[in-house]
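Each chain, letter by letter, is given below.
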Amino acid sequence: MNMQVKNISSPTSNGHFVRANLAAVKNRIAAAALSAGRNVNEIRLLLATKTVSAELIAEAVASRETLIGENKVQELKQKDSLLSPLAVERHFIGHLQSNKIKDILKYVNCIQSVDRPDLIEKLDSRLQFEGRQMDIFIQVNTSFEESKFGISPDHAIDLLRMANRYETLNIKGLMTIGLFDADPEKVRPSFRLLQQISNNAVDLGLLNDHSALSMGMSGDLETAIEEGATIVRVGTAIFGKRIHPDSYYWNEQKSA
Ligand SMILES: *Cc1c(COP(=O)(O)O)cnc(C)c1O
């Protein structure tokens, strides 16, 4: 999956590389939309900013980016004072442990990683207590890999049905992390499956017909756009390689 990300500029002290990389990613998005016959305005770029400093995030926001995604409550807390003055929407895209619900609600506009009934119940009771609502996505494990979080495709409709019963939760769409493979044709079924689940859910009245599909990352965003992505989540291709492997973020103890 690194085939398409090897030409990124390397970090310099002034952050110019962020602007150059952003322009390159936007070109990729535009080209993919064009070849898929889609309107590029339907596709939103989410900056995956785990491990990225608030200063570099501010650089991207200065280039008119409006959406970031973070994976750890602790990182959101650390960056909060620098991010707060910025006009940027924050989504949570990491695994959410139930004991972090109260904290995460302080820092984000949307939680894209809702993937189990007990999390829905606990989110609802905290939101009721605070007298507010929260935008959510249901995360689906479309790659069938044990190591990945997300509700299994077979149970996604049931979880959507359950989430629909809570007035505290505004369901905005579905999210997935595709199979990791450099071959787009091996990744494509993951994205196609998410689109199919979304279509089923719309037919059943569980999602509205302009719901979001959050799928595609640095290595596979073209394939995701071909399969209907409306949000692509891009980190490495904009900010460079991270110090931690992705397993650090994705393979925490699954029982949490
Ligand atoms: C890190 C991350 C991304 C971005 O991955 P890159 O390959 O760096 O573009 C997207 N989605 C999630 C859930 C992530 O944790």
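Residues numbered from 1 in each chain as written. Predicted model: local features only at pLDDT ≥ 70, side-chain atom pairs only at ≥ 80, totals over all residues. Heavy atoms only, no water.

## Here's the deal with the overall build of the protein
Moving on, step 1. Scanning the protein from terminus to terminus reveals ten helices and eight strands.
Moving on, step 2. Taken along its principal axes, the extent of the C-alpha atoms in the protein is 45 × 40 × 35 Å.
Moving on, step 3. Counting across all 256 residues of the protein, residues that qualify as buried make up 54%.
Moving on, step 4. About 11,800 Å² of surface is accessible on the protein, with carbon and sulfur atoms providing 49% of the total. (Helix = DSSP H or I, 4+ residues; strand = E, 2+ residues; numbered from the N terminus. Buried < 20%, exposed > 50% of the residue type's maximum accessible area, 1.4 Å probe, protein only. Areas by Shrake-Rupley, 256 points an atom, 1.4 Å probe, with all protein chains shown as cover.)

## So, the pattern of salt bridges
Moving on, step 1. All chains considered together, the criterion is met by 19 salt bridges.
Moving on, step 2. Across the salt bridge formed by Arg 28 and Glu 222, the nearest N and O atoms sit 2.8 Å from each other. With Arg 28 in helix H1 (residues 16–35) and Glu 222 in helix H8 (residues 221–226), this pair connects stretches of sequence that are 194 residues apart. Comparing Arg 28 with Glu 222, the two get one shared label, buried.
Moving on, step 3. The salt bridge involving Glu 89 is made with Arg 44; its shortest N-O contact spans 3.0 Å. (Salt bridge = Lys/Arg side-chain N within 4 Å of Asp/Glu carboxyl O.)

## Quick word on the packing of helix H6 (residues 153–163) against helix H7 (residues 184–203)
Moving on, step 1. Two elements in contact, H6 and H7, have axes separated by 10 Å at closest approach and are oriented at 35°. Here H6 runs over H7; the crossing is right-handed. In contact with Pro 153, Ala 156, Ile 157 and Leu 160 of H6, H7 contributes Leu 193, Ile 197, Asn 200 and Ala 201.
Moving on, step 2. Among the residues forming the contact of H6 with H7, the class breakdown is seven nonpolar, one polar and no charged. (Axes fitted to C-alpha atoms, helices over the stretch in contact; angles between N-to-C directions. Left-handed = near helix turned anticlockwise from the far one by under 90°. Contact = heavy atoms within 4.5 Å. Nonpolar A, V, L, I, M, F, W, Y, C, P; charged D, E, K, R; others polar.)

## Considerations on the nonpolar core
Moving on, step 1. Of all hydrophobic cores here, the largest spans 67 residues; its most connected members are Ile 111 and Ile 138.
Moving on, step 2. Residue contributions to this core peak at seven residues, all from H1.
Moving on, step 3. Core analysis: the second largest hydrophobic core is formed by nine residues, Leu 46, Ala 48, Ile 93 and Ile 231 among them. (Core = buried A, V, L, I, M, F, W, Y, C linked by side-chain atoms within 4.5 Å.)

## Observations concerning the pairing of strand S4 (residues 110–114)
Moving on, step 1. Of all five residues making up S4, five are buried, and the element is well covered by its neighbours.
Moving on, step 2. With two bridges connecting them, strand S3 (residues 89–92) and S4 associate as parallel partners. Directly across from Phe 92, in S4, lies its bridge partner Ile 111.
Moving on, step 3. With helix H5 (residues 117–130) bridging S4 and the parallel strand S5 (residues 134–139), this β-α-β connection has right-handed handedness. (Pairing = 2+ DSSP bridges. Right-handed = clockwise from strand over helix to strand, strands pointing away.)

## Let's talk about H7
Moving on, step 1. Along its 20 residues, H7 runs 28 Å from first to last C-alpha, staying within 8% of the 28 Å computed at 1.5 Å per residue.
Moving on, step 2. For H7, the set of buried residues is Val 187, Arg 188, Ser 190, Phe 191, Leu 193, Leu 194, Ile 197, Ser 198 and Ala 201.
Moving on, step 3. Where the residues of H7 are buried, they touch H6, strand S6 (169–175), strand S7 (212–214) and H8.
Moving on, step 4. Between the side-chain oxygen at the start of H7 and the backbone nitrogen of Glu 185 there is a gap of 2.9 Å, and the oxygen is on Asp 183.
Moving on, step 5. Of the residues one or two after H7, Gly 205 is the one with positive phi, at around 75°. (Expected span 1.5 Å × (residues − 1). Polar contact = N/O pair within 3.5 Å; in protein donor to acceptor, adjacent residues only side chain to side chain.)

## What about the pairing of strand S1 (residues 44–48)?
Moving on, step 1. Within S1, four of the five residues are buried, which leaves it mostly tucked inside the rest of the structure.
Moving on, step 2. Sheet topology places S1 next to strand S8 (residues 231–234); four bridges connect them, and they run parallel. Considered in S8, the bridge of Leu 47 is made with Val 234.
Moving on, step 3. In terms of strand pairing, S1 meets strand S2 (residues 67–70) through two bridges, oriented parallel. Paired with Leu 47 across the two strands is Ile 68, which belongs to S2.
Moving on, step 4. One crossover worth recording links S1 to the parallel S2 by way of helix H2 (residues 54–62), and it is right-handed.

## Quick notes on unusual backbone geometry
Moving on, step 1. For Arg 64, which is not a glycine, the phi torsion comes out positive at approximately 70°.
Moving on, step 2. Among the secondary structure elements, Arg 64 is positioned in the loop between H2 and S2.
Moving on, step 3. On the basis of relative accessibility, which here comes to 73%, the residue Arg 64 falls in the exposed class.
Moving on, step 4. Positive phi is not limited to glycine here, since Phe 144 has a value of about 55°.

## Structural notes on the site of the ligand
Moving on, step 1. In the vicinity of the ligand lie 14 residues, with Lys 50, Asn 71, Ser 218, Thr 236 and Arg 242 positioned nearest.
Moving on, step 2. Note that an oxygen atom of the ligand is positioned 2.5 Å from one of the side-chain N or O atoms of Lys 50.
Moving on, step 3. A distance of 2.5 Å is found between an oxygen atom of the ligand and a side-chain nitrogen or oxygen belonging to Ser 218.
Moving on, step 4. For the ligand, the protein covers 99% of the area, taking 390 Å² as the surface of the free molecule.
Moving on, step 5. By residue class, the composition of the shell around the ligand is seven nonpolar, four polar and three charged. (Near = heavy atom within 4 Å.)

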